[in-house]
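The residues making up each chain are set out below.
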Amino acid sequence: MKATTRKALWIFIFIAPAALVLIAVVVYPFVYNLLMSFSDMSLRHFRTWHLIGFQQYAKVFGERDFYLIFLKTIFWTVINVFFHVLIGVALALILNQQLKGRSVFRTLLILPWAIPQYIVALTWRGMFNYEYGAINLILMKYLGLNPIGWLQSPTGAFAAVIITNIWLGFPFMMVIALGGLQSIPAELYEAADIDGASWWQKTRKITLPLIRPVMIPAITLGIVWTFNNLNIIWLVTNGGEPADQTHILVSYVYRAAFNLYRFGYAAALSVVIFGILLILSLSFMKRTRATVSVY
Amino acid sequence: MILTYAFLITFTLATLYPIIQVFSISLRPANKLLSTSLEIIPKDWTLEAYQKLFIEKPFLRWLANSTFISFVVTLTGVTLASTAGYAFSRFDFRGKKTGLASILVTQMFPATMLLLPLYIMLVKLGLLNSYLGVIIVYTATALPFCIWQMKGYYDTIPTTLEEAARIDGSTQIQAFYKIILPLAAPGLVITALFSFMTAWAEYVVAAQVLQESQLYTLPIGLKQFESSMSTEWALYAAASLIVSIPAVALFLFLSRWLVTGLTLGSVKG
């Protein structure tokens, strides 16, 4: 056998199993989803569906709720990522100093990330319970405030999911920031000290710019994961309560697919969400001129 | 300095509060489940909930199901990712760049994008309500990221090692499993842990696919304890702690490498 043919064979053997699985469970469903988005598949038309062109997409963009929920999703993503980064970087700055027991703090502060998401969601749901939840109990007993109907009102529920997700997400940014901070050479700070720079000047001119290459990919990931986070929204609000007012795009499409069986519609909406996210992340990375080597 | 410590301690306690709360709820006796007390350790604490969990509820069943499914997903994930990652790292072939880029892109798919067609596929193949069904979906979810991780890890191992082995007479495949795989062990560990966590901590897919109570995994079981009308607080709390312990332990172990992997590409010099 020629050397190049043999090499090709090896490549094939190594990739084939994974490629097959990926084609079967990623590529094929992706294409199938595209197909469904052009069809009228639903509970009624499960086996007898037809291609109906762009009608489902027309429905997606024609529903007023879509724009409301799209806005909510952006709002949700921006607020969450903002606080994730703020808290994460702040903690990293603190923990990067020579503190006794800092590894203990670091380990403890990672816990929100380590706990399975569905447990985080259900636990916080319990804490937001009107009568017996810890949040209201603390408000009443220690702060003398009135209890808040967290999960009973749309604003309250939205606030509740945001709080939960912030708790869940800051450790990730903290860990990344810590990693980035540790690679900044100490000489830079020493030189700045000699020049009499203040803490804030050092942070602004040295620290922040130098952790940027590490934070940008992390923030991109954070945006993508937050935008698509179904678990927290779905489980904290038990499917969008009150009365389907607490939705972001992913939970909305999940409901359309699995509660309402509007398969064609859901497929179209999924493609739209994916498209939005793709454009958002690509433009974010381009804007920040991300210097990450992809390959 | 004191201020820093004060802040750290306060913040850490506040962060840990939900976890502490869960712990204290799990110790509540049956007649005090709906208590408005904020004590950390209830005066009449008891291990009733833990007992009830194992004896009255099918917790062990759920545990068995979750463990089995997670184990199979881990095995498949590691096998497929270790070989595919190697190919992406060592070989040049048509569609390589597209392949790598698409792996990144798959991370952006909303949950329903693949879940919906997969669900329909499972229905048509009669794999709904089966272990195989969830296993397939989980492997699909975890695989792209695992291949990416393995490729990155292999990239840090110099090709000179395989070249030396080839000169000494081994074939490519021997060089792979005798020399490279052992060196890539930490990468394999991450892949294994990531695949495991994907299966162990997953609710949404499991809830859709597994419909018979015999097949329920831990997430589905735990969700049962938590309903709008009558939350079984203590049971839920006890179960949450038990389920979280392996997850947290594994995670703390894994996070060290995960961060290195993520920062490897971007930190120069």
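Parameters at a glance
Residues numbered from 1 in each chain as written. Chains lettered and ligands numbered in written order. Predicted model: local features only at pLDDT ≥ 70, side-chain atom pairs only at ≥ 80, totals over all residues. Helix = DSSP H or I, 4+ residues; strand = E, 2+ residues; numbered from the N terminus. Buried ≥ 20, exposed ≤ 12 C-beta atoms within 10 Å, placed from the backbone. Contact = placed C-beta atoms within 7 Å. Rg over C-alpha atoms; globule rule 2.2 N^0.38 Å. Expected span 1.5 Å × (residues − 1). Core = buried A, V, L, I, M, F, W, Y, C linked by C-beta atoms within 7 Å. pLDDT = per-residue confidence, 0-100.

### Let's talk about the overall build of chain B
What chain B contains, in helices and strands, is twelve helices and zero strands. Starting at the N terminus and ending at the C terminus, chain B contains elements arranged as α-α-α-α-α-α-α-α-α-α-α-α. Taking the principal axes of the C-alpha coordinates as reference, chain B spans close to 75 × 65 × 35 Å. With 269 residues in all, chain B has 45% of them scored as buried. Taking as baseline every contact in chain B between residues at least 6 positions apart, the subset at least 24 positions apart corresponds to 73%.

### Observations regarding the overall build of chain A
For chain A, the helix and strand inventory stands at twelve helices and zero strands. Element order for chain A, N to C, with α for helix and β for strand: α-α-α-α-α-α-α-α-α-α-α-α. Computed over the C-alpha atoms, the radius of gyration of chain A is 24 Å, more than 25% above the 19 Å expected from 2.2 N^0.38 for a compact globule of 295 residues. By its C-alpha atoms, chain A is 75 × 75 × 30 Å across when sized along the principal axes. Burial statistics for chain A: of 295 residues in total, 41% are counted as buried. For chain A, restricting intrachain contacts to residue pairs at least 6 apart in sequence, the fraction spanning at least 24 positions comes to 68%.

### A few points about helix H9 (residues 185-200) of chain B
Across its 16 residues, H9 of chain B extends 22 Å between first and last C-alpha, which sits within 8% of the 22 Å expected from 1.5 Å per residue. Burial within H9 of chain B is extensive, with 13 of its 16 residues counted as buried.

### Some details on unusual backbone geometry
Residues and elements named next belong to chain A. The phi dihedral of Asn238 falls on the positive side, at around 50°, and the residue is not glycine. Inspection of the secondary structure puts Asn238 in the loop between helix H10 (230-236) and helix H11 (249-258). Look at Asn238 and you get partly exposed, because 18 C-beta atoms sit within 10 Å. A positive phi angle, near 55°, is found at Tyr261, a position not held by glycine. With respect to the element layout, Tyr261 can be found in the loop between H11 and helix H12 (263-287).

### What to know about the environment of Ile87 of chain A
In this structure, Ile87 of chain A sits in helix H3 (residues 64-95). When the C-alpha positions of Ile87 of chain A and Ile166 of chain A are compared, they lie 9.1 Å apart, and in sequence the two are 79 residues distant.

### Some words on the interface of chain B and chain A
In this assembly, 68 residues from chain B lie in contact with 72 residues from chain A. Mapped onto the side of chain B that touches chain A, the elements with two or more residues apiece are helix H1 (2-26), helix H3 (59-90), helix H4 (96-106), helix H5 (111-125), helix H6 (131-155), helix H10 (204-209), helix H11 (218-225) and helix H12 (233-264) of chain B.

### Structural notes on the environment of Asn80 of chain A
All names here are of chain A. Inspection of the secondary structure puts Asn80 in helix H3. Residues Asn80 and Trp124, 44 residues apart in the sequence, show an inter-C-alpha distance of 16 Å. Those residues in contact with Asn80 that sit more than four places away from it in its chain are Ile162, Asn165, Ile166, Gly169 and Thr226.

### Considering the nonpolar core
Ranked by size, the top nonpolar core spans 156 residues in total, and within it Val253 of chain A together with Ile147 of chain B carry the most contacts. Ignoring sequence-local partners within four residues, the contact set of Val253 of chain A consists of Ala266, Leu269, Ser270 and Ile273 of chain A together with Pro110 and Thr112 of chain B.

### A closer look at the environment of Trp45 of chain B
Mapped onto the fold, Trp45 of chain B is located in the loop between H1 and helix H2 (48-55). Residues Trp45 of chain B and Gly169 of chain B, spaced 124 residues apart in sequence, show a C-alpha to C-alpha distance of 68 Å.

### What to know about the confidence of the model for chain B
Residue and element names in this part refer to chain B. Residues of chain B with pLDDT of at least 70 account for 91%, and the chain-wide mean is 81. Per-element confidence in chain B ranges from a low mean pLDDT of 77 for H12 to a high of 89 for H3. Low confidence marks residues 265-269, where pLDDT is under 50. Its contacts with residues over four positions away, or in another chain, come to nine contacts. For this predicted complex, the interface confidence score (ipTM) comes to 0.79, while the overall pTM stands at 0.83.

### Observations regarding H11 of chain A
The element H11 of chain A is extensively covered by neighbouring structure, given that eight of its ten residues are classed as buried. Listed in full, the buried residues belonging to H11 of chain A are Leu249, Val250, Ser251, Tyr252, Val253, Tyr254, Ala256 and Ala257 of chain A. Summarising the contacts, the buried residues of H11 of chain A are in contact with H3, H10 and H12 of chain A together with H5 of chain B.

### Section: the confidence of the model for chain A
Residue and element names in this part refer to chain A. Residue-level pLDDT values for chain A average 85, and 97% of them are 70 or greater. Mean pLDDT per element in chain A: helix H1 (residues 3-37) is the minimum at 80, and H3 is the maximum at 92. A low-confidence stretch, residues 291-295 stays under pLDDT 50, and its non-local contacts, those more than four residues away or across chains, total eight contacts.

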